[in-house]
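# Fold and contact review
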Amino acid sequence: IFSGNGPSGICLSYLLSGYTPYFKRGSLHPHPILQRKLEEAPEVSILDQDLDYLSEGLEGRSHSPVALLFDALQRPDTDFGGTEESVLTWWHEPNRAIPHLVLGRNPPGGAWHSIEGSMVTLSRGEWMGLPDLPFKEWLKQKRRGLRNNRATAEDIAQYYQHYVMKKGLQKNFKCGTVVTSVRKVSAESISNHAQKDHHENSDSLWNSNEQSTEVFQVDGFFKTVEGDKEPFSIYAENVVLATGTYDSPTWLGVKGENLSYVHHQLSALEEAVKNNSVGIMSDPVLIVGAGLTAADAILFAHHCNIPVIHVFRRRVNDPGLIFNQLPKMMYPEYHKVHQMMKEQTAACAGPYECYVSLPEHHVLSFGKDKKCIIQDKNGCQKAYEISMALILTGSNPNLSFLPNNGIDLAINSDQPVNPKRNPIDVDPFTYECAQEKGLYALGPLAGDNFVRFVQGGALAVASSLLKKANKNPP
């Protein structure tokens, strides 16, 4: 069972459906050591090889060795602007398929369906693709090109749905489902008639393995077309957590944050513009945060001539600020926001109308009268009248379906799971949770935050599950 049907879940479903990667004979990888290792056993699938050995010595933009390996095999020299073809060839070997179910609220693609469709991705378009169906090829069929090498969220959501259909994976996907609980139960305690009652493919998901004394019980509900909630309970020996982090936006924890004009999602601003509840003549919109979602909100407001007060805790030249890590040529619009942040502080008016930047400031409180108190680094406070506030300081995964919200699974088990600061503790070559055997974590939950790198985790999980199911050739 996988909980989550975004790119991680789709990629893993592909690998567990019998699609098997081999080194393409005659290919030449630009990394000579990797090339030598790949030539040692070209007849053995990558899934059956020693992933630790293959990934040793690879470097790149991820901390995960398997993520770097799978990325290097699919996009050999992409970080150097190259367009070398993948060195993998894919064979469909149905006898190696492992029965599985992918559960998710949205259609295949997960949170990509919740993002404003015209938003452009941070990553280059070709990095958003999944195995054996290049994203660029799919766009060409739609007679579209990539804007500045990047794609819109709508394109990506459609591509992921198309991928599932094209690769024949839809039978494994159950959309409109919400998982409410995942817990270990003893296999003996589950009576035979209970197995028969659960019609959700339980025959294929339930293997009465003598050695396995504990299994996972996955409870939840399925939303019907009529809007009813149909409960379900499924048992599985292995569960993969691939729920991403889009679920619960971070709150500041200040007074008045629950007032109706304070929002935690960019969509609230789009809605307000549609309803004409904010416009050129309104009081400014307060935007809190210095990441890319905050930048998207500023660009959107700027485009609609809506005045903005922008509050963030860091200095504008802080190396940890995402804008200081992005190449200007590839991300001109984010560079523009960064320029505004630097040049348009309250202390010195700059060339951009309708925008004021307040670096090294933070919000103290929101009042019922739409007055917001903001404090600078020296402790000086000032009140601002605003029309609405957007708190865009990141989001956290919602793991309420796990015992203790999944905190026991994190690297630091005193703190909540956080994709950047405190991911789930997994084995780097299987992605199995260190604290709970049979439970796996993928994508942002395991610290992999880019689509191009979540796929290596899927490779590690598939390799581990095939070994457990004994479907690896000797």
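My aim in this report is to walk through the structure given alongside it, one point at a time. These figures come from a predicted structure and were not determined experimentally.

## A short note on the packing of aromatic side chains
- In the structure shown here, the tally under the stated rule is 7 aromatic pairs.
- Their ring planes at 65 degrees and their centres at 5.7 Å tell us that Tyr-14 and Tyr-163 sit as a pair that is edge-to-face. Taken together, the residues Tyr-14 in helix H1 (residues 7-16) and Tyr-163 in helix H6 (residues 153-166) connect sequence positions 149 residues apart.
- Relative to Trp-90, the ring of Phe-70 lies with its centre 6.3 Å away and its plane at 65 degrees, an arrangement referred to as edge-to-face. With Phe-70 in helix H4 (residues 65-74) and Trp-90 in strand E3 (residues 88-92), this residue pair connects regions lying 20 residues apart in the sequence.
- Judged by relative accessible area, Phe-70 falls into the buried class, the value being 1%.
- Three or more aromatic residues link up through ring pairs in this structure, and these residues are Tyr-14, Tyr-19, Phe-70, Trp-90, Tyr-159, Tyr-160 and Tyr-163.
- The side chain of Lys-37 reaches across the aromatic face of Tyr-53, ending 4.8 Å from its centre.

## Things to note about the pairing of strand E10 (residues 229-236)
- Bridge analysis of strand E9 (residues 214-223) against E10 gives 8 bridges, and the strand direction is antiparallel. Within E10, the residue paired with Phe-222 across the bridge is Glu-230.
- Between E9 and E10, which pair antiparallel and follow one another directly, the connecting turn spans 5 residues, one of which, Gly-227, has a positive phi of 95 degrees.

## Some remarks on the nonpolar core
- Ranked by size, the top nonpolar core spans 79 residues in total, and within it Leu-12, Leu-241 and Ile-424 carry the most contacts.
- Element by element, the count of residues in this core is highest for helix H12 (residues 451-468), at 9 residues.
- Here Ile-424 is in contact with Leu-241, Leu-399, Leu-409, Ala-410, Ile-411, Val-417, Cys-433, Ala-441, Leu-445 and Ala-446, once residues within four sequence places are set aside.
- Core analysis: the second largest hydrophobic core is formed by 30 residues, Leu-266, Ile-298, Ala-301 and Val-308 among them.

## Digging into the sheet that holds strand E13 (residues 262-263)
- Strand order across the open sheet formed by 5 strands is E13-E20-E14-E15-E16, with parallel pairing between neighbours. Where the open sheet ends on each side, the last strands, each with one partner, are E13 and strand E16 (355-359).
- With 4 bridges connecting them, strand E14 (residues 285-288) and strand E15 (residues 308-312) associate as parallel partners. Bridge pairing in E15 places Ile-287 opposite His-310.
- In the packing of helix H10 (residues 292-303) onto the sheet, the strands contacted are E14, E15, E16 and strand E20 (388-391), and the crossing angle to E15 comes to about 170 degrees.
- Its contacts with the sheet put helix H11 (residues 332-343) on E15 and E16, and the angle it makes with E16 is roughly 75 degrees.

## Things to note about the side chain of His-310
- Positionally, His-310 belongs in strand E15.
- For His-310, a relative accessible area of 1% translates into the label buried.
- Among the polar contacts made by the side chain of His-310, one reaches the side chain of Tyr-355 at a distance of 2.7 Å.

## Quick word on unusual backbone geometry
- Phi is positive for Glu-360, close to 55 degrees, though the residue is something other than glycine.
- Tracing the chain through its elements places Glu-360 in the loop between E16 and strand E17 (361-366).
- Among the residues examined, Glu-360 registers a relative accessible area of 26% and is labelled partly exposed.

## Overview of helix H2 (residues 32-40)
- Along H2, the residues classified as buried are Leu-34, Gln-35, Lys-37 and Leu-38. Buried residues in H2, looked at end-on, bunch into an arc of 165 degrees, giving them a common side.
- Elements in contact with the buried residues of H2: strand E2 (19-23), helix H3 (51-55) and H4.

Scoring rules and cut-offs
- Residues numbered from 1 in each chain as written.
- Predicted model: local features only at pLDDT ≥ 70, side-chain atom pairs only at ≥ 80, totals over all residues.
- Heavy atoms only, no water.
- Phe/Tyr/Trp six-rings, centres within 6.5 Å; stacked < 30°, edge-to-face > 60°.
- Helix = DSSP H or I, 4+ residues; strand = E, 2+ residues; numbered from the N terminus.
- Buried < 20%, exposed > 50% of the residue type's maximum accessible area, 1.4 Å probe, protein only.
- Lys NZ or Arg CZ within 6 Å of the ring centre and 35° of its normal.
- Pairing = 2+ DSSP bridges.
- Core = buried A, V, L, I, M, F, W, Y, C linked by side-chain atoms within 4.5 Å.
- Contact = heavy atoms within 4.5 Å.
- Axes fitted to C-alpha atoms, helices over the stretch in contact; angles between N-to-C directions.
- Polar contact = N/O pair within 3.5 Å; in protein donor to acceptor, adjacent residues only side chain to side chain.
- Arc of directions from axis to C-beta.

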